[in-house]
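Examination of the molecular architecture
Single-letter residue listing:
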Amino acid sequence: RFNSTYKADVPGLLYGIEYDAFPGMGVYVMRSPRFYIAVRCGEIGLAGLGGHTHCDQLTIELVIDGITRIRDPGTLTYTPLPDQRNTYRSAMAHHVPRVQGLELADLTRGVFDLRDCAEGQCLYFGPRGFIGRHYGYGEAIYRIVELHQDSIQVCDFAEAGLPISDPTPLPLPYSHGYGQVSES
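Model, not experiment: these values are computed from the prediction. (Residues numbered from 1 in each chain as written. Predicted model: local features only at pLDDT ≥ 70, side-chain atom pairs only at ≥ 80, totals over all residues. Heavy atoms only, no water.)

Core analysis: the largest hydrophobic core is formed by 20 residues, its most contacted members being Phe35, Ile37, Ile64, Phe130, Val145 and Ile152. Elements with a minimum of two residues in this core: strand E3 (27–31), strand E4 (35–40), strand E5 (60–64), strand E10 (141–147) and strand E11 (151–158). If near-sequence neighbours (up to four positions away) are discounted, Phe35 is found in contact with Leu13, Leu14, Ile17, Met30, Val63, Ile64, Leu147 and Ile152. (Core = buried A, V, L, I, M, F, W, Y, C linked by side-chain atoms within 4.5 Å. Buried < 20%, exposed > 50% of the residue type's maximum accessible area, 1.4 Å probe, protein only. Helix = DSSP H or I, 4+ residues; strand = E, 2+ residues; numbered from the N terminus. Contact = heavy atoms within 4.5 Å.)

Here it is as structure tokens:
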């Protein structure tokens, strides 16, 4: 089990909250005037081949009071730099529940093949937050996102007792466009 708490300076995060689910894309969004959180949870695209997929099931992006707390690194590149592509699409590049030393898919199959990447399942999405799971490590892995007036809490755990580790991603430069990175 791994717990993370992202605190606001003052309470009131949930006033004016809105919820938008895009299950076909596998994205769940909760936002208010003071925070934004998006959760990736769904199918693997291109009929399960995952040509543009990353190992990002149950990842989150989070902004509180205009400060980015967690951000997806982007894509960076496709075919000219396969090692860079794999770095940016790996589980270690995303804020996902993870088991130390294991990847969510075989990244050696090619830069457009993640056919063995786990699909996510949304179990709850509503006023209290989000609950999702996947079976990417063979056993059920869960992420619970709890919404509070003064914080967002994230809890990752495994049903079969797999050792869940810190979900903090690698500190990769943000790729704001194909082949482009910025440090901010």
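Here the narrative resumes.
Our focus in this paragraph is the pairing of strand E8 (residues 121–126). The sheet contact formed by E8 and strand E9 (residues 129–134) spans 5 bridges and is antiparallel. For Phe125, the partnering residue across the bridge sits in E9 and is Phe130. Between E8 and E9, which pair antiparallel and follow one another directly, the connecting turn spans 2 residues. (Pairing = 2+ DSSP bridges.)

Here we come to the sheet that holds E4. With antiparallel pairing, the 5 strands of this open sheet are ordered in space as E2-E3-E4-E5-E6. Because the sheet does not close on itself, it has two edges, and the strands there are strand E2 (18–22) and strand E6 (67–70). Strand-to-strand twist of the sheet, defined as the mean angle between neighbouring strand axes without regard to direction, takes the value 15 degrees. Bridging between E4 and E5 involves 5 bridges; their strand directions are antiparallel. Across the sheet, the residue bridging to Tyr36 is Val63, located in E5. (Axes fitted to C-alpha atoms, helices over the stretch in contact; angles between N-to-C directions.)

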